[in-house]
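Overview (structure and organization)
Now for the letters of each chain:
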Amino acid sequence: MSGLTWATVVSLFVASLVWAAVTDMLKDEVRARLGRLPFWLLRLAGRRLPVDARSDVVDEWNAELEFILRDTEGLPLTRLVRGTRYATDMLLRGAPGIAREMGHHWATREQLTSPAASVLEQRSTWRNLFPQGRHIFYEGDDPAGFAEEVRAEFGFDPTADPHWGTRIGSEDNGFDSYSFHCPGDLLDSIYGGGRFPMGS
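Every value quoted in this text rests on a predicted model; they were computed, and no experiment measured them.

**Observations regarding the pattern of salt bridges**
According to the stated counting rule, one finds 8 salt bridges in the structure shown. Across the salt bridge formed by R82 and D71, the nearest N and O atoms sit 2.7 Å from each other. One end of the pair, R82, is in helix α3 (residues 76–111); the other, D71, is in the loop between α2 (51–68) and α3, with 11 residues separating them in the sequence. The residue R195 makes a salt bridge to E153 at a minimum N-O spacing of 2.6 Å. Taken together, the residues span a long stretch of sequence, with R195 in the loop between α7 (187–190) and β4 (198–199) and E153 in helix α6 (residues 143–154) at a distance of 42 residues.

Here it is in structure tokens:
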């Protein structure tokens, strides 16, 4: 085999290695960018909200999205579908609904006397922010008592959620997590107002 032929073979081999490396890098970059797509959609949805409420609401959306994607590590397609579905819903329905509600809230507030406006301002808007409900955590010391109280008062059983009582960590050093998906129409009563020790 002539020197020119060997040079050609070596060049083709090197080119194939470079092409494979570039292809892998492109795949990784596309995967990473697609993985951020739902978060980008939530930022876009946030632009449809009043400026003074935008940051807090988008932070809540991001936290909810992180929970939705919690078990999709290593499943890029599932992660993309779940995340995009949630973010698109916030973009097309959630954000416009919140914007309308907040616009009505402030327009009404300006027409009320000061005491009445104060009462209106204190009303929780969790149902408006999350009309489809959201995943929340019970952070108190009596999960059984909390569940029984919620069942008796609201006819809703948080223990029916598969995430209720999930063990986090090892048996020796872990802890039990009491989380559940709360319906939108119960968020103000259960999550808002500070009646129960709840987190998100």
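**Looking at the confidence of the model for the protein chain**
Predicted coordinates in areas of low pLDDT are best not read in detail. The predicted model of the protein chain averages 76 in pLDDT, with 72% of residues at 70 or higher. At the low end of the mean pLDDT range in the protein chain sits helix α4 (residues 114–121), at 45; at the high end sits α6, at 93. Predicted confidence for residues 104–124 stays below pLDDT 50, and this span has 11 contacts to residues more than four positions away or in other chains.

**Examining the packing of aromatic side chains**
One pass over the structure, following the stated rule, counts 8 aromatic pairs. Measuring from ring centre to ring centre gives 6.0 Å for F146 and F180, while their planes differ by 40°; the resulting arrangement is tilted. In this pair, F146 is assigned in helix α6 and F180 in strand β3 (residues 175–182), connecting sequence segments 34 residues apart. Note on F146: relative accessible area 2%, which makes it buried. Plain terms: the ring middles of F146 and F196 are 5.1 Å apart, the flat faces sit at 80° to each other, and that makes the pair edge-to-face. Here F196 lies in the loop between α7 and β4 and F146 lies in helix α6, a separation of 50 residues in the sequence. Judged on exposure class, the residue F146 and its partner F196 are both buried.

What counts and what doesn't
- Residues numbered from 1 in each chain as written.
- Predicted model: local features only at pLDDT ≥ 70, side-chain atom pairs only at ≥ 80, totals over all residues.
- Heavy atoms only, no water.
- Salt bridge = Lys/Arg side-chain N within 4 Å of Asp/Glu carboxyl O.
- Helix = DSSP H or I, 4+ residues; strand = E, 2+ residues; numbered from the N terminus.
- pLDDT = per-residue confidence, 0-100.
- Contact = heavy atoms within 4.5 Å.
- Phe/Tyr/Trp six-rings, centres within 6.5 Å; stacked < 30°, edge-to-face > 60°.
- Buried < 20%, exposed > 50% of the residue type's maximum accessible area, 1.4 Å probe, protein only.

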